[in-house]
Amino acid sequence: MTRILIADDEAELRGLLQRYLTEQGLSVRAVPDAAAAAQLLARERFDVLVLDLMMPGEDGLSLCRRLRGQGETIPILMLTARGELVDRVLGLEMGADDYLAKPFAPRELLARIQAMVRRQQQLGAHLGPAGEAAVSFGPFTLYPSQRRLERHGVEVEISTVEFQLLRALASQPNRPLGREKLLTMAHGDDHNVSDRSLDVQIMRLRRIVEADPGVPRHIQTVWGLGYVFIPEPDAR
């Protein structure tokens, strides 16, 4: 059964969503703040975290950033009351996988959750079995099945979005990938990621794995097509 964790300070909304999603066959836990959500995530496994942006104490953005910094890879759907572009961009930059502006219909939230769960399932089909071999490039080693990236043997902080993109690129070394193909491999068939968002993700990923992001060696642009992952660039 799909397990959902909801963190929102609005008691009425928490109750409504918990009842509705439970009626749809999901297992749901609902908490009022970031501290309670973090405690549950440390003890139990969930498939999706629905996280309100604005909460008393630690807000959703801060919790999202902290979870990603700790290596937590759970898909995160961010809720925002204002729905402003800056909120959505900040949430995605902090490592959220999707967002939904309040007010929303519970049915739409269910559809987003189901899409995120399907996306996670599809990633295995797109990117190979759980026993994928490690990929070494420069000072880095990527462990796809363990969702880990190391630099000189030390684990590197990387968000779920960035990890999925790097994993997709590394699964097809030296093979140029069109934008839509790369988006499907990284985010699933039903993604709603734009070309511009892909460029931003690539830029953030280059900051992690490139010595000089302005002159990338491993993640190179293929003009008019997309991007290519090159484990060992030509030294010339």
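Residues numbered from 1 in each chain as written. Predicted model: local features only at pLDDT ≥ 70, side-chain atom pairs only at ≥ 80, totals over all residues. Heavy atoms only, no water.

**Student:** What's the story with helix H6 (residues 160–170) in this structure? I'm lost.
**Tutor:** Note: α-helices contain 3.6 residues per turn, so residues at a spacing of three or four share the same orientation. With respect to burial, H6 is a largely interior element, 11 of its 11 residues being buried. Of the residues making up H6, those classed as buried are Thr160, Val161, Glu162, Phe163, Gln164, Leu165, Leu166, Arg167, Ala168, Leu169 and Ala170. (Buried < 20%, exposed > 50% of the residue type's maximum accessible area, 1.4 Å probe, protein only. Helix = DSSP H or I, 4+ residues; strand = E, 2+ residues; numbered from the N terminus.)

**Student:** How should I be thinking about the packing of helix H2 (residues 34–43) against helix H3 (residues 60–69) in this particular structure?
**Tutor:** Helices that pack against each other are described as a pair by the angle of their axes relative to one another and the distance between those axes. It is the contact of H2 with H3, at a shortest axis distance of 10 Å, that shows an interaxial angle of 25°. If you check the angle between H2 and H3, you find them roughly parallel. The two elements H2 and H3 meet at a crossing, and its hand is right-handed. Contact with H2, carried on its side by Ala34, Ala37, Ala38 and Leu41, involves Leu63, Arg66 and Leu67 of H3 and no other residues of that element. (Axes fitted to C-alpha atoms, helices over the stretch in contact; angles between N-to-C directions. Parallel < 35°, antiparallel > 145°, perpendicular 65-115°, else oblique. Left-handed = near helix turned anticlockwise from the far one by under 90°. Contact = heavy atoms within 4.5 Å.)

**Student:** How should I be thinking about the UniProt feature "modified residue: 4-aspartylphosphate" (unreviewed entry) in the chain in this particular structure?
**Tutor:** In the UniProt entry, the feature "modified residue: 4-aspartylphosphate" (unreviewed entry) is given for Asp52. As for its placement among the helices and strands, Asp52 is situated in strand S3 (residues 48–52). Discounting chain neighbours no more than four positions away, the residues touching Asp52 are Ala7, Asp8, Asp9, Gly60, Met78, Leu79 and Lys102. (UniProt positions renumbered as here; feature names shortened; annotations may be inferred.)

**Student:** How do you make sense of the confidence of the model for the chain when you look at a structure like this?
**Tutor:** Any region with low pLDDT has predicted coordinates that should not be read closely. Per-residue confidence for the chain averages 84 on the pLDDT scale, and 88% of its residues sit at or above 70. Across residues 125–131, where pLDDT falls below 50, the model places 12 contacts with residues more than four positions away in sequence or in other chains. (pLDDT = per-residue confidence, 0-100.)

**Student:** Looking at this model, I keep getting lost on the sheet that holds S3. Mind explaining?
**Tutor:** Through backbone hydrogen bonds, the strands of a sheet pair up, either in parallel or in antiparallel fashion. Read from one edge of the open sheet, 5 strands run S2-S1-S3-S4-S5, paired in parallel fashion. Single-partner strands in this sheet number two, and they are strand S2 (27–31) and strand S5 (98–101). Strand-to-strand twist of the sheet, defined as the mean angle between neighbouring strand axes without regard to direction, takes the value 20°. The sheet contact formed by strand S1 (residues 3–7) and S3 spans 4 bridges and is parallel. Bridged to Ile4 within S3 is Val48. Against the sheet, H3 touches S3 and strand S4 (76–80), its axis set at about 165° to S4. (Pairing = 2+ DSSP bridges.)

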